[in-house]
Amino acid sequence: MIRFEQMRKSFGTHAVLRGIDAEVNRGEVVCLIGPSGSGKSTMLRCINGLEPYQGGRVMIGDTLVDASRPTIHDIRTRVSMVFQRFNLFPNRTALENVMEGPIYVLKEKPADVRERASALLRRVGLEEKMQAYPASLSGGQQQRVAIARALAMRPEAILFDEPTSALDPEMVGEVLSVMQGLAEEEDMTMLVVTHEIQFAREVASRVLFLDDGLIAEEGPARELLQHPKNERTQDFLRRVT
Ligand code: ADP
Ligand code: MG
């Protein structure tokens, strides 16, 4: 579904990604871990065209991700992203936030979208909060709205960039459990940047460890997290667990 082939990305002279080979298959949950500054967010941003890259390629199914406008538009309708900071529209209700993409990007009829958006908000446990504005919601609730909003696009895959890092600890669980539900009940294809190692162990099929611009180690989640082979992976896991 998502494939990197020798992909390289620099900011000016700073080579951030130096030849990434990786893939996420349909229905798979892959966690991307690695030290701060190793390029995890950049990797996600290159998938949905938020950042151009300089070498190799990124493929979404059969589509080559490049900087051309039709491609970028196509990809954004197929791959949704959930950010660390929820990025909801502050002057729109939860329901309106979820309806926005399908109406303005997919050009669907508001009446049809409304029903689907309500169902999605119920799905993430927010049926009581449809008419609430983001400022009146907790961080965990806002992030669940953001997940409903991502799902409203009927994406083929969702990219999560540290979706629980900005949350108070007591709200982490409610967001992770929604994500776990998507993975297990809906076979959603997900690439998740996270430091939640227990989530990775329980939910991910595979883990990629990004270090110094390269995938330094990858493998089945349990195996890699319990018995990392690479010394850098071992160091990293000692520090985050
Ligand atoms: P991570 O998400 O793993 O913490 P990032 O992908 O955010 O890492 O950043 C990787 C590297 O790229 C860092 O050194 C960061 O400073 C640099 N970087 C990220 N975005 C930009 C940008 N827009 N311009 C210049 N450098 C950037
Ligand atoms: Mg990041």
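Now for a look at the structure at hand.

Parameters at a glance
- Residues numbered from 1 in each chain as written.
- Chains lettered and ligands numbered in written order.
- Predicted model: local features only at pLDDT ≥ 70, side-chain atom pairs only at ≥ 80, totals over all residues.
- Heavy atoms only, no water.
- Helix = DSSP H or I, 4+ residues; strand = E, 2+ residues; numbered from the N terminus.
- Rg over C-alpha atoms; globule rule 2.2 N^0.38 Å.
- Buried < 20%, exposed > 50% of the residue type's maximum accessible area, 1.4 Å probe, protein only.
- Contact = heavy atoms within 4.5 Å.
- Areas by Shrake-Rupley, 256 points an atom, 1.4 Å probe, with all protein chains shown as cover.
- Near = heavy atom within 4 Å.
- Polar contact = N/O pair within 3.5 Å; in protein donor to acceptor, adjacent residues only side chain to side chain.
- Nonpolar A, V, L, I, M, F, W, Y, C, P; charged D, E, K, R; others polar.
- Phe/Tyr/Trp six-rings, centres within 6.5 Å; stacked < 30°, edge-to-face > 60°.
- Lys NZ or Arg CZ within 6 Å of the ring centre and 35° of its normal.

Our focus in this paragraph is the overall build of the protein chain. For the protein chain, the helix and strand inventory stands at 9 helices and 10 strands. The globule rule puts the C-alpha radius of gyration for 241 residues at 18 Å, and the 18 Å found for the protein chain is close to it. With respect to the three principal axes, the spread of C-alpha positions in the protein chain is 50 × 40 × 30 Å. Going through the 241 residues of the protein chain one by one, you find that 55% of them count as buried. A separation threshold of at least 6 residues defines the contact pool for the protein chain, and within that pool the share at least 24 residues apart is 65%. Of the accessible surface of the protein chain, which amounts to about 11,300 Å², a share of 46% is contributed by carbon and sulfur atoms.

Moving on, we come to the site of ligand 1. Every residue close to ligand 1 is listed here: Phe11, His14, Val16, Pro35, Ser36, Gly37, Ser38, Gly39, Lys40, Ser41 and Thr42. One of the backbone nitrogen or oxygen atoms of Gly39 is found 3.0 Å away from an oxygen atom of ligand 1. Within the complex, 59% of the 560 Å² of free accessible area of ligand 1 lies under protein. If you list the elements that add at least two residues to the shell around ligand 1, you get strand S2 (14–24) and helix H1 (40–47). In terms of residue count, H1 provides more of the shell around ligand 1 than any other element does, 3 residues in total. For the shell around ligand 1, a count of residues per class yields 3 nonpolar, 7 polar and 1 charged.

All right, on to the environment of Ala22 then. By secondary structure assignment, the location of Ala22 is in strand S2. Separated by 36 residues in sequence, Ala22 and Val58 have C-alpha atoms that sit 9.5 Å apart. Setting aside its immediate chain neighbours within four residues, Ala22 contacts Ile2, Arg3, Phe4, Met43 and Leu208.

Moving on, we get to the packing of aromatic side chains. One pass over the full model with this rule turns up 1 aromatic pair. Considering the side-chain rings of Phe209 and Phe236, the 5.5 Å spacing of their centres and the 45° angle between planes classify their relative orientation as tilted. Taken together, the residues Phe209 in strand S9 (residues 206–211) and Phe236 in helix H9 (residues 231–240) connect sequence positions 27 residues apart. Taking the relative accessible area as the measure of exposure, Phe209 reaches 0% and is therefore buried. Looking at Lys9, its charged tip hangs above the ring of Phe11, at a distance of 4.5 Å from the centre. Of note, Arg92 hangs over the ring of Phe89, and the distance from its end group to the ring centre comes to 5.5 Å.

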